[in-house]
Amino acid sequence: MLTVEENETLTRTGSGTPMGDVFRQYWMPALLSRELPAPDCPPVRIKLLGEDFVAFRDSAGKVGIVEPRCPHRGADLFFGRNEDCGLRCVYHGWKFDVDGRCVDVPNVEPTIAERLRPRAAVRALKTAEAGEVVWAHFAEGDADELPGVPDFEFAAVPPEHRFVGKKLQQCNWAQACEGGLDTAHFSYLHAGVGGGGKVGLHEAGRPTTPGDGNGEPLRLARFRWLVEDGAPRFSVLSHDAGLLLCAARHADDDCLYWRMTQFLMPNHSLTPGNFPEDLSLANTWVPIDDTSCWIFCYAWHPDRPIGDKERHRLVAGSGIFAETDEHFVPVRRRENDYLIDRELQKTESYTGIVGISEQDQAIADSQGPIADRTREMLCQTDLGVVRFREMVLQATRDVAAGKAPLGAVDPGAYRVRSGDAVIAADAPVEEVVRHRFGVRFAGRGAVS
Amino acid sequence: MLTVEENETLTRTGSGTPMGDVFRQYWMPALLSRELPAPDCPPVRIKLLGEDFVAFRDSAGKVGIVEPRCPHRGADLFFGRNEDCGLRCVYHGWKFDVDGRCVDVPNVEPTIAERLRPRAAVRALKTAEAGEVVWAHFAEGDADELPGVPDFEFAAVPPEHRFVGKKLQQCNWAQACEGGLDTAHFSYLHAGVGGGGKVGLHEAGRPTTPGDGNGEPLRLARFRWLVEDGAPRFSVLSHDAGLLLCAARHADDDCLYWRMTQFLMPNHSLTPGNFPEDLSLANTWVPIDDTSCWIFCYAWHPDRPIGDKERHRLVAGSGIFAETDEHFVPVRRRENDYLIDRELQKTESYTGIVGISEQDQAIADSQGPIADRTREMLCQTDLGVVRFREMVLQATRDVAAGKAPLGAVDPGAYRVRSGDAVIAADAPVEEVVRHRFGVRFAGRGAVS
Amino acid sequence: MLTVEENETLTRTGSGTPMGDVFRQYWMPALLSRELPAPDCPPVRIKLLGEDFVAFRDSAGKVGIVEPRCPHRGADLFFGRNEDCGLRCVYHGWKFDVDGRCVDVPNVEPTIAERLRPRAAVRALKTAEAGEVVWAHFAEGDADELPGVPDFEFAAVPPEHRFVGKKLQQCNWAQACEGGLDTAHFSYLHAGVGGGGKVGLHEAGRPTTPGDGNGEPLRLARFRWLVEDGAPRFSVLSHDAGLLLCAARHADDDCLYWRMTQFLMPNHSLTPGNFPEDLSLANTWVPIDDTSCWIFCYAWHPDRPIGDKERHRLVAGSGIFAETDEHFVPVRRRENDYLIDRELQKTESYTGIVGISEQDQAIADSQGPIADRTREMLCQTDLGVVRFREMVLQATRDVAAGKAPLGAVDPGAYRVRSGDAVIAADAPVEEVVRHRFGVRFAGRGAVS
């Protein structure tokens, strides 16, 4: 439970807020590279942390993210012409490059234009592209002094090994992120229903249960373990970029089934649910404003390409990927109650909502536009959520004190992995982590 | 005319407001029983007096109306599973019964769950069903100490004698209720037009005029009297649950045509317009919030079943029943100007709006989201409205003083009737009332 | 650039604001005469300067614009019956004439009605019709004491010489009006694109360029001059009703191409772009509220009828006329990004938006609901805009001091013209004006 003040601090991200100041110390996914598919393609409106921008790719392929307001008379540069290495305001032809510099003022005499131009720059974010994502940084000053973008594994693998996407979430970023750190809900929210009780995992009207012949024995058994043990025990390790959240459930033969999630500051998560042969999955929750966010979704495999069928399912919207329209708005969303099917809820699916992503989305939205954390009854399975809040609130104090928040200048600390393991019940958590990830991919400092 | 303060008092019904406190002393229609048609059927969102609830019918058929917020992490119980005598949150499986008690906390060890459960109750309204309506009471404490639901005749007759429904009104409850107490407007708002002047009653493009061969002579004559005498004289009698509003118009042969309306605290009305052979009609205006309300509509006959044709007309939306969509939203409503037909208004209908209910609805909405009663020019035909306001405002003072407001603990006082009479012009109002209702059904204390 | 206070003063027009007080000193276009096509036709809702009214044409053809609220119980007179020289409230039959006088109170005894009626008047604006436009004046008191409506030429010519219309603008009136005073943007916003650069004027996917065979040589050459000289020099003359804004561009053979715009207090403009043989065009920007306005559009020729083809193009929405729906809402508008076509923007049109009017509309809307004039970089081509602001702000001081603002009581001062001229480069502006308009039509006091 948080105080009113702590909840405000955690959830408000606009300019000048404590958490807004934290976010502005990190590289942030701003849009997918494919939203700006070619040099001089149409500009795109984006909103980040409550601030409006226009993004464009110039003739040289470089992405600019600039304040959308022409300094001359305030016209919206979204309507601008993207031409010849700059975005030109269509009102009187003033032109700006990807760094926000004014490069042409054609409606006055050239000598006057030369005097006006230096004062006519528009604010521009620093940009970089990695992993088919356009990253933005709010830092002012020289781009060369910035740290690199976080060194996520998904961005380092060959394109054939990777698929990225995004989807709209219609609530505050923090509660959606908390949902990603809360593997306990897998035993309920994503459960199937059958034979009078919960069964396996349920997605898209197609429960994946033992015996359906679609998977490996281990992959099937874990759905049973998720359902059979709905009160997992949490252990949390911290490292140089965030937290490794480890949740243990009873498995067969005196073993434990461990699901291990990475939280990476300030708003990334690497999900559990994968054994080494499975795809890895991760998310970033980027505030649009304080009551909506983009969830960037990443799928990849360190060692092999994503297969055609696998890729097709991701594109169609399965697992952490949602089925969306062309604006990345989920088809099943707040306005239509996620197309909840009460008959399905009775007979097949715990929620009656089709899709893992949509189930997560629905329950986060349902906590309200901004969840009220002053009225809660937290319990043992909420340990990850509690530690997330502590770490993020600590970052607000660090930034207020002039310190770089955890991970912000340490891109290498983001080269970590998440995943599952089945191991003897008496193995301590550090051993489980070493066994599954080795010291290297657990997170620097998590285990030695 | 009211002061600004009085108008606020009359119209604001949220938690902690004076009128809100009054409403919370009475049983209130919350939804139709058929909105929860079977045990374990889908839950339904409702809003009452500005507060959100989720209503569900449990496996035993009992209705619960509970706060929609899971105390664990604040997820919305509307998405819950209605299963095995309780509503279960789909986030982590916490479960609540119709009285709001937490009956399962499955995501922690059983011993911890036992400690959590008593503190994890959700707020629940008291509920009862009568007359195919689910009634709710905001009282805390023991249900056994509550008075019974008001003893309306419509709830006491056999189901074949009754039809109930509801419809959305897009304005404050009080002005809509005032419309129901204002029989004077029948001479205008509901009039037909023909031959250069007003004629009879006009509904659904089908004026009911003398000579159309559809009715009894008396029933037809009254439409003529309504039009011929547009300035009725009002007398108001008070009784143990409210007011009996009596309006006299000139009839034929030195007789008066009396229309007598019941107002029952705090928000019910029994309409006039019926002779003993006709169906009785009544309404309740239940605030959803301060700018919209549900109008519950009741039709019944004390002594005979409703005929098939009669019932079909009610279901289709005639008289006080509106033609609505499946969410009880009128087809003709504020957003579409009630499909006003200006040609119809010129030639057949005083309003150009089809439907008695829709005419009432339009004119109440047209007074604004909350009518401004500080600018009015009340006259003699507004006497009922004036007395209504006085009685309701008195109730706010009673409740503030710790007294039960009129009728709140006296369900028997609601067994009254409304209706019409034609009688010699020199009969005093008390004699008219005794003649039409007898002492019993006038309202306890109205006449002796 | 303005201060925050000046920008508020310029843009806020509600009752009691300084600029609202200015507007209320002038006759204002309220609606088109054809919106009330016949005696006793349906009433029309209008909003002027943030205030709601209902407009109706009575049985004698006279237009009333009255407060839409019945003084009896506050019902909306929009739903009233327009009958027999008055608008009758359908709730209880109270009736009002075009001057707001209450002429019938039928729901009470006649003697009481006689006492009520004088106190039951509703507020009514003064109205007049001229140029197929219904004009309204907020003055109280005797209509005979009002000045005449402004003596615009478009209102004085025969109907065959004229076409009038209106269209919705979804932003504050002042920035839209400023767009009309800013002929500099013609070199950009309305330009066509072709062969790697700007070409001519672009409308409706049909660039009008030299050589297309559709016009006179002069008419074609000016499109080239507009594009070739994108930094026109401004001179501003003032006169008894406003400003004559003169902008010079290089033409061929040591001549200048002059475009001369009239600004007439407080919100009218006569556009440039016409030689004597062309149609004249003008606009009025009438605040609906502070974030939307009606733009009234006038086309006329002093000396000849509008041809069939010309008229057809105006009706369809070309030039200053927009393509609108039946509610005068543009088909291409804020909600659909004006149907911007980015491919068209690359290849044919500077904006990618079809229609001169829609290009103007888009760029004004894009400045925000109310443009922020505290952050601007004004330059020489903004001189007209600067002088407009000064003149309007001066009017607020005049009105505050009890003086009639410029032009308000001087209808004859509005008989002016705008237009273009090509003349030797060394001619002073006064000579250009005399040459094109003569002393008479320049504006009284502009030149002598």
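Residues numbered from 1 in each chain as written. Chains lettered and ligands numbered in written order. Predicted model: local features only at pLDDT ≥ 70, side-chain atom pairs only at ≥ 80, totals over all residues. Heavy atoms only, no water.

**Focus on the overall build of chain A**
The number of helices and strands found in chain A is eleven helices and 21 strands. Rg of the C-alpha trace for chain A: 23 Å, near the compact-globule value of 22 Å for 448 residues, within the 12% margin. Taking the principal axes of the C-alpha coordinates as reference, chain A spans close to 85 × 45 × 45 Å. Counting the 448 residues in chain A, one finds 62% classified as buried. Of the contacts formed within chain A by residues at least 6 apart in sequence, a portion of 62% connects residues at least 24 apart. (Helix = DSSP H or I, 4+ residues; strand = E, 2+ residues; numbered from the N terminus. Rg over C-alpha atoms; globule rule 2.2 N^0.38 Å. Buried < 20%, exposed > 50% of the residue type's maximum accessible area, 1.4 Å probe, protein only. Contact = heavy atoms within 4.5 Å.)

**A closer look at the confidence of the model for chain A**
Residues and elements named next belong to chain A. Looking at chain A as a whole, its pLDDT mean stands at 94, while 96% of the residues score no less than 70. Counting contacts from residues 203–216, a segment whose pLDDT is below 50, to residues more than four positions away or on other chains yields 24 contacts. What the predictor reports for the complex is a pTM of 0.94 with an ipTM of 0.94. (pLDDT = per-residue confidence, 0-100.)

**Remarks on helix H5 (residues 173–180) of chain A**
Burial of H5 of chain A is extensive: seven of the eight residues sit out of reach of the surface. N-capping of H5 of chain A is provided by Asn 172 of chain A, with a side-chain oxygen placed 3.0 Å from the backbone N of Ala 174 of chain A. (Polar contact = N/O pair within 3.5 Å; in protein donor to acceptor, adjacent residues only side chain to side chain.)

**Quick word on a negative patch on the surface**
Negative charge collects at one region of the surface, where Asp 253, Asp 254, Asp 426 and Glu 431 of chain A lie side by side. Summarising the element assignment, Asp 426 of chain A is placed in the loop between strand E21 (419–424) and helix H11 (429–442). (Patch = residues over 30% accessible without salt bridge, like charges linked within 9 Å, V, L, I, M, F, W, Y side chains within 5 Å. Areas by Shrake-Rupley, 256 points an atom, 1.4 Å probe, with all protein chains shown as cover. Salt bridge = Lys/Arg side-chain N within 4 Å of Asp/Glu carboxyl O. Lys, Arg positive; Asp, Glu negative; His and termini not counted. Charge placed at Lys NZ, Arg CZ, Asp CG, Glu CD.)

**A few points about the pattern of salt bridges**
Any two side chains of opposite charge can pair, given that their charged atoms come close. Per the counting criterion, the structure on display carries 108 salt bridges over all chains. We note a salt bridge from Glu 323 of chain B to Arg 332 of chain B, for which the minimum N-O separation is 3.0 Å. Given the relative accessible area of 33%, Glu 323 of chain B is considered partly exposed. Overlapping salt bridges, with partners in common, bring together Arg 73 of chain A together with Glu 178, Arg 373, Glu 376, Asp 382 and Arg 389 of chain C in one network.

**Points about the nonpolar core**
Counting 82 residues, the largest nonpolar core has Leu 31, Ile 46, Leu 48, Ile 65, Trp 173, Phe 263 and Phe 388 of chain C as its most contacted members. At eight residues, strand E20 (residues 292–300) of chain C tops the list of elements feeding residues into this core. Residues Ala 30, Val 63, Leu 393 and Ala 413 of chain A belong to the second largest nonpolar core, which totals 81 residues. (Core = buried A, V, L, I, M, F, W, Y, C linked by side-chain atoms within 4.5 Å.)

**Let's talk about the relation of the copies chain A and chain C**
Relating one copy of the chain to the other takes a rotation about an axis and a shift parallel to that axis. Between the two copies, chain A and chain C, the superposition gives an RMSD of 0.1 Å; the rotation angle is 120° and the shift along the axis is 0.0 Å. As the rotation angle and translation indicate, the two copies are arranged about a three-fold axis. Rotation axis and chain A: the residue whose C-alpha lies nearest the axis is Glu 335 of chain A, separated from it by 11 Å. (Least-squares fit on C-alpha atoms with pLDDT ≥ 70 in both.)

**As for the pairing of strand E1 (residues 28–32) of chain B**
All names here are of chain B. Most of E1 is tucked away, with five of its five residues classed as buried. Where E1 lies against strand E10 (residues 133–137), four bridges are found, and the strand directions are antiparallel. In the strand pairing of E10, Leu 32 is matched with Val 133. (Pairing = 2+ DSSP bridges.)

**Regarding the interface of chain A and chain C**
At the interface, 31 residues of chain A touch 35 residues of chain C. For the pair chain A and chain C, the summed buried surface comes to about 2,800 Å²; carbon and sulfur atoms form 53% of the total. On the chain A side of the interface with chain C, the three residues burying the most area are Arg 73, Phe 79 and Tyr 91 of chain A, jointly 28% of the side's total. Note that Arg 45 of chain A is salt-bridged to Asp 337 of chain C, the shortest N-O span being 2.8 Å. For the pair chain A and chain C, the number of links is 23 residue pairs in polar contact (both at pLDDT 80 or more). (Buried area = accessible area lost by both parts, 1.4 Å probe.)

**Focus: the interface of chain B and chain A**
Bring the parts together and some accessible area is lost; that lost area is often taken as the interface size. Every contact between the two is made by 31 residues of chain B and, on the other side, 35 residues of chain A. Of the roughly 2,800 Å² buried between chain B and chain A on both sides combined, carbon and sulfur atoms contribute 53%. On inspection of chain B and its partner chain A, the count reaches four salt bridges. Between Arg 375 of chain A and Glu 67 of chain B there is a salt bridge whose closest N-O contact spans 2.7 Å. Taken together, the links from chain B to chain A amount to 23 residue pairs in polar contact (both at pLDDT 80 or more). For the side of chain B that touches chain A, the per-class residue count stands at 14 nonpolar, seven polar and ten charged. (Nonpolar A, V, L, I, M, F, W, Y, C, P; charged D, E, K, R; others polar.)

**Here we look at the packing of aromatic side chains**
Scanning the model with the defined rule gives 48 aromatic pairs over all chains in all. On the numbers, 6.4 Å between centres and 50° between planes, the contact of Tyr 188 of chain C with Tyr 350 of chain C is tilted. Of this pair, Tyr 188 of chain C sits in the loop between helix H5 (173–180) and strand E12 (191–194) while Tyr 350 of chain C sits in the loop between helix H8 (342–347) and helix H9 (356–366), and the two are 162 residues apart along the sequence. Assessed through its relative accessible area of 2%, Tyr 188 of chain C is described here as buried. Among the aromatic residues, those joined into a ring-pair cluster are Trp 135, Phe 152, Phe 154, Tyr 298, Trp 300 and Tyr 414 of chain A. Looking at Arg 45 of chain A, its charged tip hangs above the ring of Phe 78 of chain A, at a distance of 3.8 Å from the centre. The lysine or arginine in question, Arg 417 of chain B, covers the ring of Phe 441 of chain B, its NZ or CZ lying 3.7 Å from the ring centre. (Phe/Tyr/Trp six-rings, centres within 6.5 Å; stacked < 30°, edge-to-face > 60°. Lys NZ or Arg CZ within 6 Å of the ring centre and 35° of its normal.)

**Here's the deal with unusual backbone geometry**
Across the junction of Met 265 of chain A and Pro 266 of chain A, the peptide omega takes the value -5°, indicating a cis bond. Inspection of the secondary structure assignment puts Pro 266 of chain A in the loop between strand E17 (255–264) and strand E18 (268–270). You will see that Asp 84 of chain B, though not glycine, has its phi angle at about 45°, which is positive. In this structure, Asp 40 of chain C takes a positive phi of about 60° despite not being glycine. By the secondary structure assignment, Asp 40 of chain C is in the loop between strand E1 (28–32) and strand E2 (44–48).

**Some thoughts on the sheet that holds strand E3 (residues 51–57) of chain B**
What holds strands together in a sheet is hydrogen bonding between their backbones, with the strands either parallel or antiparallel. Residues and elements named next belong to chain B. Reading across the sheet, the six strands line up as E1-E10-E9-E4-E3-E2 and stay open at both edges, with antiparallel pairing between neighbours. Each edge of the open sheet is held by one strand with a lone partner, namely E1 and strand E2 (44–48). Across the sheet, the mean angle separating the axes of adjacent strands is 35° when strand polarity is ignored. With five bridges connecting them, strand E9 (residues 124–130) and E10 associate as antiparallel partners. Bridging from a neighbouring strand, Ala 128 pairs with Trp 135 of E10. (Axes fitted to C-alpha atoms, helices over the stretch in contact; angles between N-to-C directions.)

**Looking at the pairing of E3 of chain B**
All names here are of chain B. Burial runs high along E3: six of the seven residues are buried. Where E2 and E3 come together, five bridges link them in antiparallel fashion. Opposite Val 44, over in E3, you have Ala 55 as the bridge partner. As consecutive antiparallel partners, E2 and E3 are separated by two residues, and within that stretch Leu 49 has a phi angle of approximately 55°, a positive value.

**Quick word on the environment of Arg 434 of chain A**
Residues and elements named next belong to chain A. Here Arg 434 is to be found in helix H11. In this structure, the C-alpha to C-alpha distance between Arg 434 and Ser 448, residues 14 residues apart in sequence, is 8.3 Å. Excluding residues within four positions of it along the chain, Arg 434 makes contact with Val 439, Val 447 and Ser 448.

**What about the packing of helix H1 (residues 4–11) of chain A against helix H10 (residues 383–400) of chain A?**
All names here are of chain A. At their nearest, the axes of H1 and H10 sit 10 Å apart, and the two run at 80° to each other. Considering the angle they form, H1 stands roughly perpendicular to H10. Contact residues: Glu 6, Thr 9 and Leu 10 in H1; Phe 388, Arg 389, Val 392, Leu 393 and Thr 396 in H10. A class-by-class count of the residues in the contact of H1 with H10 yields four nonpolar, two polar and two charged. (Parallel < 35°, antiparallel > 145°, perpendicular 65-115°, else oblique.)

**Considering the side chain of Arg 436 of chain C**
Residue and element names in this part refer to chain C. Note on placement: Arg 436 falls in helix H11 (residues 429–442). Buried and without a salt bridge, Arg 436 has Asp 420 as its closest oppositely charged side chain, separated by 6.3 Å. Apart from residues lying up to four places away in sequence, Arg 436 is in contact with Met 260, Asn 274, Phe 275, Pro 276, Ser 418, Gly 419, Asp 420 and Ala 421.

**Quick notes on the side chain of Thr 127 of chain C**
Residues and elements named next belong to chain C. Checked against the element boundaries, Thr 127 lands in strand E9 (residues 124–130). Among the polar contacts listed, one links the side chain of Thr 127 to the backbone oxygen of Val 63, at a separation of 2.8 Å. Contacts of Thr 127, omitting those with residues within four sequence positions, involve Trp 27, Lys 62, Val 63, Ile 65 and Trp 135.

**Focus on the sheet that holds strand E5 (residues 81–82) of chain A**
All names here are of chain A. Read across the open sheet, the four strands follow the order E5-E6-E7-E8; overall the sheet is antiparallel. Looking along the sheet, the strands with just one partner apiece sit at the ends: E5 and strand E8 (102–104). Pairing of E5 with strand E6 (residues 87–88) involves two bridges; the strand directions are antiparallel. Residue Arg 81 lies in a different strand from E6, and its bridge partner there is Arg 88.

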